[in-house]
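Summary of structural features
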Amino acid sequence: MDDNKQNRTVIEAEIPMGPVHPAALEPYRLRLFVEDEIVRDAEMTVGVNHRGVERIMEGLPVEKANSLTEKICGICSNSHIWNSCRTAEIALGIEVPERAKYIRIIMEELERLHSHLLYLAHGNEVLGHETFSMRLFYIRETVMDLLGMIGGNRVQYGSAVLGGVRPRCQLDEMRLQKISEGMDLIEEKVTAFADRFVSDPMIMSRITGVGVISSKDALRLACSGPTLRATGVAKDLRTDMPEYDPFEFDVITQDDGDVKSQLLMRVLEIPEAIKIIRQAVRDLPEGPITNRSWEMQDTPITKSYIEVPRGTLYHSYALEDGRVRNCVIRTPSMANIGAMQYACIGHHITDAQLSVVQCDPCFTCTDRAIEIIKI
Amino acid sequence: MSLKSYSRGRAVHVMLVYTGGCNGCDIEIVNCILSPKFDAEQYKVFLTWNPREADVLVVTGPVTKHNEQPLREIYNAIPEPKAVVAAGACALMGGVYKNCHGDIPSEEIAGPVDNIIPVDAKVPGCAVRPQDIVAGLVSALPLLLNAD
Amino acid sequence: MDLIYSLIAVLGTLVVAFIVSLFLPGLERKFIHARIQQRVGPPITSPGIMAPLKFFFKKTITPESSMPRLYNALPLISLIVVVVILLFLIPDMYFAGALASVIALVGFLKVEEIMYMFMGSLSRSVLSVRMPFPDKAKGAAHPEVHQSFFEDLSSLRAFRLIAFGSFPVYIAMFVAVAMTGSIYLQDIIAYQQVHGPVLFSVAGVLGAIVFFIGYMILLNEYPFAILKGKPDVVEGPYLEYAAKYRAYVYITRGFLMFTLATLFSVLFLGIAPNILNPTFIITLIVALLFPMLMAVFSAFSPIFTYKQFYPTVAGVSIIGVVAIIAALL
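Residues numbered from 1 in each chain as written. Chains lettered and ligands numbered in written order. Predicted model: local features only at pLDDT ≥ 70, side-chain atom pairs only at ≥ 80, totals over all residues.

Observations concerning the confidence of the model for chain A
Interpretation of this model should avoid reading the predicted coordinates in detail wherever pLDDT is low. Residue and element names in this part refer to chain A. For clarity, the threshold we go by: On a scale of 0 to 100, pLDDT captures the predictor's confidence in every residue. Secondary structure counts use DSSP, requiring at least four H or I residues in a row for a helix and at least two E residues in a row for a strand, with both numbered from the N terminus. What counts as a contact is two residues whose backbone-derived C-beta atoms lie within 7 Å of each other.
When the pLDDT values of chain A are averaged, the result is 89; 97% of them are 70 or greater. Of all secondary-structure elements in chain A, the lowest mean pLDDT belongs to strand β1 (residues 2–4), at 44, while helix α6 (residues 173–198) reaches the highest, 93. Considering only residues more than four positions removed or in separate chains, one finds that residues 1–5, a stretch of pLDDT under 50, has 9 contacts.

Right under this line is the structure:
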């Protein structure tokens, strides 16, 4: 037995879970230090996915750079391209037409729906429940069809451009009708599923009290988004964003900070997203959807923060001669994943794997070159 | 049709390896196998996570530096006969990450899958459509059926 | 003449059992799992017959293991043990005395469980420690700790399961012993010819429920699949089996499903498997019903960790002890 004097814990063995593993949707490295199947310490390694996106974006013309940011992640693709366009629009002072703002919000909320449904399906698969996982994938197909209808592709639909929305994403009568029908269908099915899920004693006993992270720890480790709201702190950046001013929605919180709270968070956020989409469809203003009359200038580094399904996303870059300089992208998963390293300590190994997945990690979004300035 | 090729065509085990892509293709492939709408099991294609059990290896993503050795090890662990399907633009030619400017190759990725293991079937798309994945798998089958 | 009839009975029953057990995984997958999950599902022959057949035609590799030849021999030993269990349930073999008794069957089942432990400790797959990754970089946590394979973890869990996981099956088997007053299968069947099946009594019903839960634990089916659950240990002890040895693993599982169901019909219904006797139909029906019922339960449950496993086994064992007491009264 190894007696580790620094931590005063007893560690018998290390179990490495490598880049290729059934519970990992993306390649990452997790080393669990166990004593008799209880986890005493954990270490996560990101960096397996590093592809040098910021390096590629350096020097590209700004429209090309915007459409490249979409390829960073396949689940949060709309978030990246919206935020990247928003950065340039803030820097150059471009006025986005009202109709385009509403359409962008519809796409973002549809993305929130498909992302949360995918998280629930993956969480159920890590629990070992294949039937529920398949049911959730089936419900998710409706959202994918809607996204494919509006954007042209099921994944990476490229709706936002500099100054508005791409002409193909125009919403006419038929598309609005289909969106309303889709929303009714999803609301009915998700409510039925949630009732079934919460009333199942086997699943509830598996997820209650597992992977607890306190709100103090979550704030100290800079978590954001549903991961933070599940510990009881009511911080949602959407209340500060001017694009979301015309819409009414509630900020959902849960109290316990364990896996049950995280799962219920996402289940309860789905009706809120449906509410926003319904308001947007009902109040869609008339007008153009792209603003092409703006001047290119050189700008200093501009920042933009928006609320994406996982937390707070940050983009910043400067413009020089129409090209992107000094691009920095920081995704919410970077802090959330670090926090989960502490949440899995003290649990059985199977529960530790569940605690890592509970924060909805998107490793492929997260892999940037990081410079540590101060520890 | 001999018993060997008949049985090989009626039970195909597929293993997925994700090598650092954007996750779009991965979700579509999981959709193809786990979603009741596409359900690859009705085509006698079963999912497995163990290279010793697999016949077909489906690779997505441009192979990043840390994933090169694991991919090689997993490929070597699969017993003969085997086939490799590369799915998605990143696996076929490195996608948007291959070059960092113009024709200057990027140093972060070890190249498309072709540079590391031999590829038998190529499925294009960004992201691949689930219908195309099943078609790609089926097109790799004749190599398995007639191999000795 | 008698000898020829006995020989036909024994060999015929084994052959029919083998053929039926090849269809069981396919029926489970197509008719239960696929219907519940609202999809089409594979054809019936694919998971049970075509998959092992295909594995026979793959090229044999040397598994990564400290003793590869022993590791490869273990599935065959497991298959032989399960065939022996079925052999001693056939009435023509009851002349073997103590080998055709409940105690001997308990012993054979124990051997079958110990196989998991050996398989787990001998296998070293590429998915765990052997995955090449630059872990021991500067600043890594605990670089000097011994690294353990998934299969060792699985072997530890198998050890725990041997200790407490097989209680339900053994207690249920002793319900029949308590009611009939003898451990010999001959006497158990003779008692039930006279007094009616053990199942048709309070103790019998409770014993049947306990036997069913024990059946699921012995077959490592969800929710009791902690030995080979996907979220952490991938496949557990079976990770390094390829080609024909994996075919033996598949066949053993189907055969074990059939054998345990036959054990139920001997102990609780009083019907011994004999192909020359028309009551063999009932044995076949029970052998088809048990896997289907098990598939329905397993489709609706997650994997249990020890936090749920211990109370379940404890509760079921208490029901079993109550059944034994009811049988003795």
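That covers the picture; the talk isn't over yet.
Quick notes on the interface of chain A and chain C
What counts here: Charged residues are taken to be Asp, Glu, Lys and Arg, nonpolar residues to be Ala, Val, Leu, Ile, Met, Phe, Trp, Tyr, Cys and Pro, and polar residues to be all remaining types, Gly included.
Listed by partner, the interface residues are 33 residues for chain A and 31 residues for chain C. Elements that contribute at least two residues to the side of chain A that touches chain C include exactly β1, β3 (13–17), β4 (29–35), β5 (38–45), α4 (98–127), α5 (130–151), α7 (201–207) and α12 (349–357) of chain A. Each residue belonging to the side of chain A that touches chain C can be placed in one class, and the counts come to 16 nonpolar, 9 polar and 8 charged.

Remarks on the UniProt feature "domain: NADH:ubiquinone oxidoreductase-like 20kDa subunit" (unreviewed entry) in chain B
What counts here: UniProt positions are given in the numbering used here, feature names are shortened, and annotations may be inferred rather than shown by experiment.
According to UniProt, the positions carrying the feature "domain: NADH:ubiquinone oxidoreductase-like 20kDa subunit" (unreviewed entry) are residues 22–139 of chain B. Span residues 22–139 of chain B is 33% helix and 18% strand, its end C-alpha atoms 25 Å apart.

Considerations on unusual backbone geometry
The line we're drawing: Field definition: a residue is buried when 20 or more other C-beta atoms are found within 10 Å of its C-beta, exposed when 12 or fewer are, and partly exposed for counts in between, with C-beta atoms placed from the backbone.
At the junction of Cys126(B) and Ala127(B), the peptide bond is cis and its omega measures out at 5 degrees in the coordinates. With respect to the helices and strands, Ala127(B) occurs in the loop between β7 (121–123) and α5 (130–146). The omega torsion across Tyr222(C) and Pro223(C) is 0 degrees, close enough to zero to call that bond cis. Within the secondary structure, Pro223(C) sits in the loop between α8 (202–218) and α9 (230–233). In this structure, Gln38(C) takes a positive phi of about 60 degrees despite not being glycine. Along the chain, Gln38(C) turns up in the loop between α1 (2–36) and α2 (45–56). By the C-beta count within 10 Å, which is 13 here, Gln38(C) ends up partly exposed. The phi torsion at Asn220(C) lies on the positive side, around 55 degrees, for a residue other than glycine. For Asn220(C), the location among the structural elements is in the loop between α8 and α9.

Section: the packing of helix α2 (residues 62–69) of chain A against helix α3 (residues 77–92) of chain A
Residues and elements named next belong to chain A. Rules: Every angle, taken between N-to-C directions, lies between 0 and 180 degrees, and every axis is a line fitted to C-alpha atoms, over only the stretch in contact when it is a helix. Oblique is the label for any angle not covered by the other classes, which are roughly parallel (under 35 degrees), roughly antiparallel (over 145) and roughly perpendicular (65 to 115). Take the far helix as your reference; a near helix turned counterclockwise from it by less than a right angle gives a left-handed crossing, and one turned clockwise gives a right-handed crossing.
Where α2 contacts α3, the axes come no closer than 7 Å and their chain directions differ by 155 degrees. Between α2 and α3, the interaxial angle falls into the category roughly antiparallel. Classified by chirality, the crossing of α3 by α2 is right-handed. Together, Val62, Asn66, Ser67 and Thr69 of α2 and His80, Ile81, Ser84, Cys85 and Ala88 of α3 make up the contact between the two elements.

Overview of helix α3 (residues 65–77) of chain B
Residues and elements named next belong to chain B. Worth spelling out the cut-off: Directions from the helix axis toward the C-beta atoms define the arc.
Buried within α3 are the following residues: His66, Asn67, Pro70, Leu71, Ile74 and Ala77. Looking straight down α3, one finds that the buried residues subtend no more than 125 degrees of arc, so they occupy a single side. Buried positions along α3 lie against β1 (12–18) and β3 (56–60).

Details of the nonpolar core
We apply this condition: Working definition: the nonpolar core is a set of buried Ala, Val, Leu, Ile, Met, Phe, Trp, Tyr and Cys residues, joined through C-beta atoms within 7 Å.
Judged by nonpolar contacts, the single largest core of 256 residues is most densely connected at Val14(B), Val56(B), Val85(B) and Ala87(B). Not counting the four nearest positions on each side in its chain, Val14(B) is found in contact with Val45(B), Phe46(B), Leu47(B), Thr48(B), Ala54(B), Val56(B), Val58(B) and Leu137(B).

Quick look at the sheet that holds β3(B)
Residues and elements named next belong to chain B. Selection criterion: A pair of strands counts as paired when DSSP detects no fewer than two bridges linking them.
Strand order in the open sheet formed by 5 strands is β2-β1-β3-β4-β7, and the pairing between neighbours is parallel. Only two strands of the sheet have a single partner each, and these edge strands are β2 (45–47) and β7. The mean inter-strand angle of the sheet, taken between neighbouring strand axes irrespective of direction, is 30 degrees. As paired elements, β1 and β2 share 3 bridges and run parallel to each other. Pairing of Val14 across the sheet is with Leu47, part of β2.

As for the interface of chain A and chain B
Across the boundary between the two partners, chain A contributes 31 residues, which contact 31 residues of chain B. Listed by contribution, the elements that provide at least two residues to the side of chain A that touches chain B are α1 (53–57) and α5 of chain A. The element that contributes the greatest number of residues to the side of chain A that touches chain B is α5(A), accounting for 5 residues. Looking at the side of chain A that touches chain B residue by residue, the class counts come to 16 nonpolar, 10 polar and 5 charged.

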